[in-house]
Each structure stands twice: as structure tokens, then as C-alpha cells.
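Architecture at a glance
Take a look at the letters that make up each chain.
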Amino acid sequence: MVTLSGIFRDLLPLQIKLLAEAAFLAASADEPLERNYVRKHALRYQVEHGCDLETAALRVYGNAESTYGSNVNHLIENGRWNDENELAETYTRRKSFAYGREGRPVPHAKLLASVLADVQLTYQNLDSVELGVTTVDTYFDTLGGINSAVRRAKGGRETPVYIADATAGSGVVRTLSEQVALETRTRTLNPKWYEGMLEHGYEGVRQIEVHVTNTMGWSATTGEVQPWVYQQITQTFILDPTMRARLAKLNPTASAKVANRLLEASKRKYWQPDDKMLAALHCAAEELEDRLEGVYEGVAA
């Protein structure tokens, strides 16, 4: 199946029709079912639900007209979600509009759930060295969102997530876990990167916080972030008194959000710091909250 961004939908309507046409032609082909899985699953769905082959062959999904994104990113940003199934439901509700050969979206939540239950892997292509999977929330909103929906459709079974990196000429395929680890080492935890960010002051600290939040977005939607990522981010930015003071001075709001996001990741069991580190993280978060309120050592209450 293919998922569309709102931008792709708006800019490339002819390509959407071609993708839908390709899915229909595959489902209509006179081929053995064991060699044509589109036809196999389309025929099965047609029998189960008594629909025509055109409907059963729908494989291109996206938002309704004039809407964008799955809103999974907004839930992560606000922290107002209870469990991963809520993220899956949000994605499915927003992205369950099937685009057929006419190019018009029609809601097909049941068909989408049927298609998702047969997904064996999910993947995303990277085509710019400027943007990684932890740089912007679009990636976990879409790829992470669909992965969480697939997991729910498959009764909780995990599905591999891959990133196709085409930024260096010859393509390289990595697991999502490998990609997040690579970006964490080369960006978030790389002194050349974060010192460069800090030279931009307020916005630089915000960018560090964005990376941390996006990293947790991948934990929430895929579970593919290794615990050491959170541990080293904590040690680098929050438990180092000098660094913590620098962040708080440049951007007290974003620095407090970094600490609170790390605590949230711990509370949601995405990493488990030992008692000593957890206590230190709580103290540092409280200090950053105090700075945010203008109450800290050297300033009268």
C-alpha cells in the first residue's frame, strides 16, 4: 500500500491516479495468487465484504481533501495521550481515505485495517542531507503513525521499520533503530552540531528540544529507540551543570521541555534510568522549572 502526504496529494494528482490504476491492474491480472499478493488479498476482501474488485483493490491512502498530517505529532508534542493504541487510532482515522482511479478520496477505514493487517514492513525514503528522521516531526507522524496502526491491526505484533537513505548517491537501507542511533551520534550528541546550534541562541536550544521530542515520537510509534539514546542525552544536556545553565540562559522554556520530555520517556518505559540518575533528572528538571519562573539562586523570590 502507499500512503500520501497532503503536499503530494495537492501537487501530484496524476501520479495518484497512476498508482491507483497500477493497484487495480495488479488485482485484475490473470495470475496465480501465490505470485500476486495484491490480487490475492483483494479477492479475499471482495469475498468477505461483498464489494466490487475496484473497491477491494484500493491501495493508495491519505487524508481527506484539504487536510494534512495524521495529528500523531501533535499528540506527542502535547503529551496528551494514554497509550500507543490511541496514536494508532488517530492515524487510522485521519489517513483512512482511499484514492482510486478517479483521484477522489473516499473513507474506507475497514479496508485500510484489512490492508494494514497484511503489511510485513514499513519504510521511508530520505532524499536530503538537511533533514533526518529526528529533525522534523513529519517522519514519525507518517511512518511512525502507520507503523503504530499496523501493529494494532496485527494484534500487537511488531513490524520492521526501514529507512532508505539516498542522500549519498548509492542508496543505503538501515533499520529505523540504526538510523536513529546514527543521527543521535552525528547530530544530537555531536559537539560540533550542538555547539553550532547554541551559537544561534534561543532557536538553537529549541532545535535541540525538537530532536529530543522527535526521538520520543519514534519510541511511541515504533519502540525502535535504544535506551542509551535517552541516557546519553540526559548526561550531555541535563546532568552537566554547566551545559544545563547555558541552555536555561539561552532558552528557559525549551531547556525545561528537554528535561520533562526525558522524564516522560522514562515514565512511559522507553528507558529506565537507575534510581540515582532518575533522582538527579528530577532535581535538574525542577531547577529548570524554577529558572523558567525566574526563581533561582541569586535572584530574589
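Above this text is the structure in question.
The notes below deal with the structure included here. All of these numbers come straight from a predicted model, not from anything done at the bench.

Considering the sheet that holds strand β2 (residues 60–62)
One open sheet accounts for four strands, arranged β1-β2-β3-β4; its pairing is mixed. The open sheet has two edge strands, β1 (2–3) and β4 (105–107), and neither has a second partner. Note that β1 and β2 share two bridges and pair parallel. Residue Thr3 lies in a different strand from β2, and its bridge partner there is Tyr61.

Structural notes on the nonpolar core
Trp218, Phe237 and Ile238 are the most contacted members of the largest nonpolar core, which totals 69 residues. For this core, the element with the highest residue contribution is helix α14 (residues 252–267), accounting for seven residues. Sequence-distant contacts of Trp218, that is, excluding residues within four places in its chain, are made with Val133, Thr134, Tyr139, Phe140, Leu143, Gly144, Leu176, Val180, Gly223, Glu224 and Val225.

Quick notes on the side chain of Thr92
Turning to its location among the elements, Thr92 is positioned in helix α6 (residues 84–94). Once residues within four sequence positions are removed from consideration, Thr92 is found in contact with Leu112, Ala149 and Arg152.

Some words on the packing of helix α13 (residues 241–250) against helix α15 (residues 275–292)
Orientation of α13 relative to α15, taken along the N-to-C sense of each, is 30°, at an axis distance of 10 Å. Taken together, the axis directions place α13 and α15 in an arrangement best described as roughly parallel. α15 is crossed by α13, and the crossing has right-handed handedness. Across the interface between the two elements, Arg244, Ala245 and Ala248 from α13 touch Ala284, Glu287, Leu288 and Arg291 from α15. Of the residues that constitute the contact of α13 with α15, the class distribution is four nonpolar, no polar and three charged.

Quick notes on the pairing of strand β5 (residues 122–126)
Judged from the five bridges that link them, β5 and strand β6 (residues 161–165) form a sheet pairing that is parallel. Bridge assignment links Leu126 to a residue of β6, and that residue is Asp165. Note on the crossover from β5 through helix α8 (residues 138–153) to β6: the handedness is right-handed.

What to know about the sheet that holds β6
Across a sheet, paired strands are connected by hydrogen bonds in the backbone, their directions being either parallel or antiparallel. The strand order across the open sheet formed by three strands is β5-β6-β7, and the pairing between neighbours is mixed. What marks the edges here is a single partner per strand, and that holds for β5 and β7 (172–175). Here the strands of the sheet are splayed against their neighbours by 25° on average, with no regard to which way each runs. Against the sheet, α8 engages β5 and β6, with an angle of about 170° to β5. Packed on one face of the sheet, helix α9 (residues 176–188) meets β5, β6 and β7 and runs near 95° to β7.

Details of the pattern of salt bridges
Inspection of the entire model under this criterion finds 18 salt bridges. Its salt-bridge partner being Arg93, residue Glu89 comes within 3.5 Å of it at the nearest N-O pair. Note that Glu89 and Arg93 are positioned in helix α6 at a spacing of four residues, about one turn of the helix. Put simply, Asp165 and Arg174 hold a salt bridge, and the shortest N to O gap is 2.9 Å.

Basis of the calculations
- Residues numbered from 1 in each chain as written.
- Predicted model: local features only at pLDDT ≥ 70, side-chain atom pairs only at ≥ 80, totals over all residues.
- Heavy atoms only, no water.
- Pairing = 2+ DSSP bridges.
- Helix = DSSP H or I, 4+ residues; strand = E, 2+ residues; numbered from the N terminus.
- Core = buried A, V, L, I, M, F, W, Y, C linked by side-chain atoms within 4.5 Å.
- Buried < 20%, exposed > 50% of the residue type's maximum accessible area, 1.4 Å probe, protein only.
- Contact = heavy atoms within 4.5 Å.
- Axes fitted to C-alpha atoms, helices over the stretch in contact; angles between N-to-C directions.
- Parallel < 35°, antiparallel > 145°, perpendicular 65-115°, else oblique.
- Left-handed = near helix turned anticlockwise from the far one by under 90°.
- Nonpolar A, V, L, I, M, F, W, Y, C, P; charged D, E, K, R; others polar.
- Right-handed = clockwise from strand over helix to strand, strands pointing away.
- Salt bridge = Lys/Arg side-chain N within 4 Å of Asp/Glu carboxyl O.

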